[in-house]
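Chain by chain, the residues run as shown.
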Amino acid sequence: MNGLRLLSVDLNSPHLRNWKGCDHWIRSRIMDLRKRTKQKIQAEERCGGNKLMTTTRSYVLPKDKGKGDGGDDVSAFAESNACSCSGIRSWCPWRRCISMAAGLLLAGLLGLAQACCVNAIHENLLWFSQLMEVQREISFRTECGLYYSYYKQMLQAPSIQQGLSDLINDNLTESRRTINLLQRMNIYQEVFLSLFYRLLPIQTYLEPIYFYIYTVFSLQAVYVIALYLTAWLLSGSWLAGALAGVWYILNRIDTTRVEFTISLRENWSLPFLALQVAAITCYLRPQLSILQQKVMVWLMYVTTFCFSLTWQFNQFILLIQALIIYTLDCLDFITTTQVTTLYLIQVSSLLSVWLLQFCNSMILGSLVLSFIVAVLFIRHCQTGLKTGNLLTRLIKLLLHSIMVLLLTFTINYLTKKALRLQSDEHIFKFIWSKFGLGPTRDFDASLYLCEEAFGLLPLDTLERLAASFLLYPYILTLLLLCGTLAAGAVKNLRRSSGSAEEKNEVVELGEHSVLTVVRPDVAYNMMHTLFFGLVAFSTMRMKYIWTGHMCAVAAYGLCGTEVWTLILTVLRCNSKTLIRLLRYSVPLVLMACLYYKFWPKLKEELSELREFYDPDTVELMTWISSKTPQHAVFAGSMQLLAGIKLCTGRVLTNHPHYEDKELRDRTKQVYQVYAHRSPQDIHEILLSLGADYLVLENSICYERRHRRGCRLRDLLDLDNGHIMDGPGDNDPDLVAASHPRFCEAIKMDLAEYISLFTRTFENKTFHVYRVKKKRRKSTKSWSESSGTQ
């Protein structure tokens, strides 16, 4: 750059204009020299590695920084992987292309390995290829069966138009109600997949169910590739991507559950979330051209849109992401333009989904939209937020955050009141009850609290992650870089002016002071893993969002320069050669150890053969299909009814998609069959829902899986104010029930039960009863009775 600075002369100066004979020659020589200098610098930059691999060519030190301020003492945080390319300019682009191709090829191979692995495990667990169609469909447990039933329904429709019309005007999913499934549920993936299967010439050699599961397993390949790219972008080495992919595959128990919950919404959405994080990481990298920035913005929009379209809990994930962006903005790690862009991408994605879901009010009433509106409005109105000394800025930030939160909850409250929105109130009840801020007897909240998946993260998860050598480098990377970010945040807040690009953070390490550049992409990923790690510890089911990204962060720590620079600076042996040696040798040694330790276990797992076995459920589904009317209405547990919908196509009273207030009330009413209620009460409830058949399950009526107080019958007793069964304490306000438990008493064939219900099917697990309808008196009998009176 010094050569360019020396050549920055004014060709129109009076001195040069007075040189009459030399004017043209001087101008041409200077322009030629400047051109050659630029070409040399550009060649040197090109051979430093491709832009995807350039990790630390990020910021230029402020111009007012001289050598005395550390201008020449830049550590490996800011050094590029440059090499001397003089005389071999033609070789540099080829080397860059070869490295890029090798890295992308390895990413594809790892993604393919993950897809093949989960497919093989799924086949071996169930012997899926040898199952009857009804057995295959039964394997889609709980809500997975409900979602897959709409894919099956679209394929069985006479035409695409008729199939879409049936989904928009559905009267089979909830009895006596016509609902718009495309508005209520996130099933566009089933719709698109059924369209592809109809249109593509694959019907002759690929069954519909295999097309479905292969698509979901292919998304696992996309997930691995996204993590690979994130680690590569952060560290500048595709060795980090390879390590992240290997860790994800080996920690399959804690990174995914796709092999036995194929249709679950998170299996569709999380790969797009991982792609979005990779796109954000690339977008926050410095020195992107205008075209590259536009491409990244569109990629972020598309991935955020796909993520939001495929999961009903998108608003809560995006809310956490918005909080991350807000934190980085307050601490000056990213620019105002980047912050606004990221917010607008979230808003535009959610509004696009809102339109596709026929103006779903749950999206408009989401907290994330209220939060983004509040942040942008207050930031526009509040000037001078990022001026003043450290104490002044901290006070301003505190007041700013309080104003944002107050305005967020105000906007959200008014929006929900205006829309009369109650669809997601059960989620907030669960959150308040989980942290002891709400009622502990609420039935909807207790259903979540009593499930292990919604409890705290068990410690054996950390033990498994440590056994794969993932936990320790992750913790080391997180501690060191979060410390760096904290020091950088303090340094940023001390500055009264200056943009985010011009701020350098100083990390004090004993007697040494290492000048570093806190890159925005690193800052975002550290905050991302920190926030979602806290969510995972509080709710085990959310660990699948955290553990995948955890692999990328740990791989970045080992293969990047930042962590090694900090460690070697403390040990006073920091050198470029040693850093390069460690960041390549340690990951290779680690992967060799992983191969030695886990390859025999993985081969054993892939060769272990099991078989699907559920004869009672198969018998029940076969009986329903052959012995009941096509439009018969069934009542029972949410999980079982989803399977009945898929296997038999019968009408349901309730189902597992819980994001509707009326449906939650229906479910609690149906579940009274497991409570202490009179047969007359149960009969009235079932008739009001239009039920023709009631399915009772011994596994619920005599449940032993949950502890006392968390069994379904206990939750119903508490909600009804009744004393729970079995030994143990009861709250003093509970009273003894005046009726026996319905699911037990009906099996005794007492007269008052037989007069209202007729047993039509029974095996070791299920009991099916036909609900007798009330007889209506004829007009003649009524008139005779009136005449007698």
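Just so we're clear, the structure is a prediction, and the values are computed from it rather than from any experiment.

Visitor: What am I meant to see in empty space enclosed by the protein here?
Guide: Vacant regions in the atomic arrangement are exposed by a probe of water-molecule size rolled over the atoms. Inspection of the entire model under this criterion finds six cavities of 30 Å³ or more. In this structure, the largest cavity spans a volume of roughly 90 Å³. Every residue lining the largest cavity is listed: Y223, L227, T230, L270, L273, A274, V277, H528, I545 and H549. The set of elements that each furnish at least two residues to the lining of the largest cavity consists of α10 (208-235), α13 (265-283) and α25 (543-559). Looking at the lining of the largest cavity element by element, the count peaks at four residues for α13. Its residues assigned to classes, the lining of the largest cavity shows seven nonpolar, three polar and no charged.

Visitor: What am I meant to see in the pattern of salt bridges here?
Guide: It is possible for side chains of opposite charge to pair when their charged atoms get near one another. Enumeration according to the criterion identifies 38 salt bridges in this entry. Between E451 and R705 there is a salt bridge, and its shortest N-O distance comes to 3.8 Å. Placement of the pair is E451 in the loop between α21 (443-449) and α22 (459-467) and R705 in the loop between α32 (698-701) and α33 (712-720), with a sequence separation of 254 residues. Residue classification places E451 among the partly exposed positions, given a relative accessible area of 30%. Via salt bridges that share partners, E174, R177, R184, D660 and E662 belong to a single interconnected network.

Visitor: Even after reading the chapter, I still don't get the pairing of strand β7 (residues 766-771), so can you show me in this structure?
Guide: The side chains of a regular strand alternate between both faces of the sheet. Of all six residues making up β7, five are buried, and the element is well covered by its neighbours. Pairing of strand β5 (residues 693-697) with β7, which is carried by five bridges, proceeds in the antiparallel orientation. Bridge assignment links L696 to a residue of β7, and that residue is H767. By the bridge criterion, five bridges tie strand β6 (residues 757-762) to β7 in an arrangement that is antiparallel. Bridging from a neighbouring strand, R759 pairs with Y769 of β7. Hairpin connection of β6 to β7: three residues between the antiparallel strands.

Visitor: Can you help me understand the packing of aromatic side chains in this one?
Guide: Any two aromatic rings considered together are summarised by their centre-to-centre distance and by the angle between their planes. Within this structure, the stated rule accounts for 32 aromatic pairs. What links up through ring pairs into an aromatic cluster is the set F140, Y148, Y151, Y212 and W268. Over the ring of Y147 we find R265, and its NZ or CZ is 3.8 Å from the ring centre. In this structure, K601 packs its charged tip against the face of F598, placed 5.4 Å from the ring centre.

Visitor: Can you walk me through the confidence of the model for the protein in this structure?
Guide: Detail in the predicted coordinates should be disregarded across regions flagged by low pLDDT. On average, residues of the protein carry a pLDDT of 85, and 83% of them reach 70 or more. In the predicted structure, residues 497-516 sits below a pLDDT of 50 and forms 58 contacts with residues beyond four places in sequence or in another chain.

Scoring rules and cut-offs
Residues numbered from 1 in each chain as written. Predicted model: local features only at pLDDT ≥ 70, side-chain atom pairs only at ≥ 80, totals over all residues. Heavy atoms only, no water. 1 Å grid on protein atoms, 1.4 Å probe; cavity = no way out; pocket = protein on both sides within 12 Å on 5 of 7 lines; lining within 4 Å. Points joined across faces, edges and corners; volume = space filled by probe spheres on them. Helix = DSSP H or I, 4+ residues; strand = E, 2+ residues; numbered from the N terminus. Nonpolar A, V, L, I, M, F, W, Y, C, P; charged D, E, K, R; others polar. Salt bridge = Lys/Arg side-chain N within 4 Å of Asp/Glu carboxyl O. Buried < 20%, exposed > 50% of the residue type's maximum accessible area, 1.4 Å probe, protein only. Pairing = 2+ DSSP bridges. Phe/Tyr/Trp six-rings, centres within 6.5 Å; stacked < 30°, edge-to-face > 60°. Lys NZ or Arg CZ within 6 Å of the ring centre and 35° of its normal. pLDDT = per-residue confidence, 0-100. Contact = heavy atoms within 4.5 Å.

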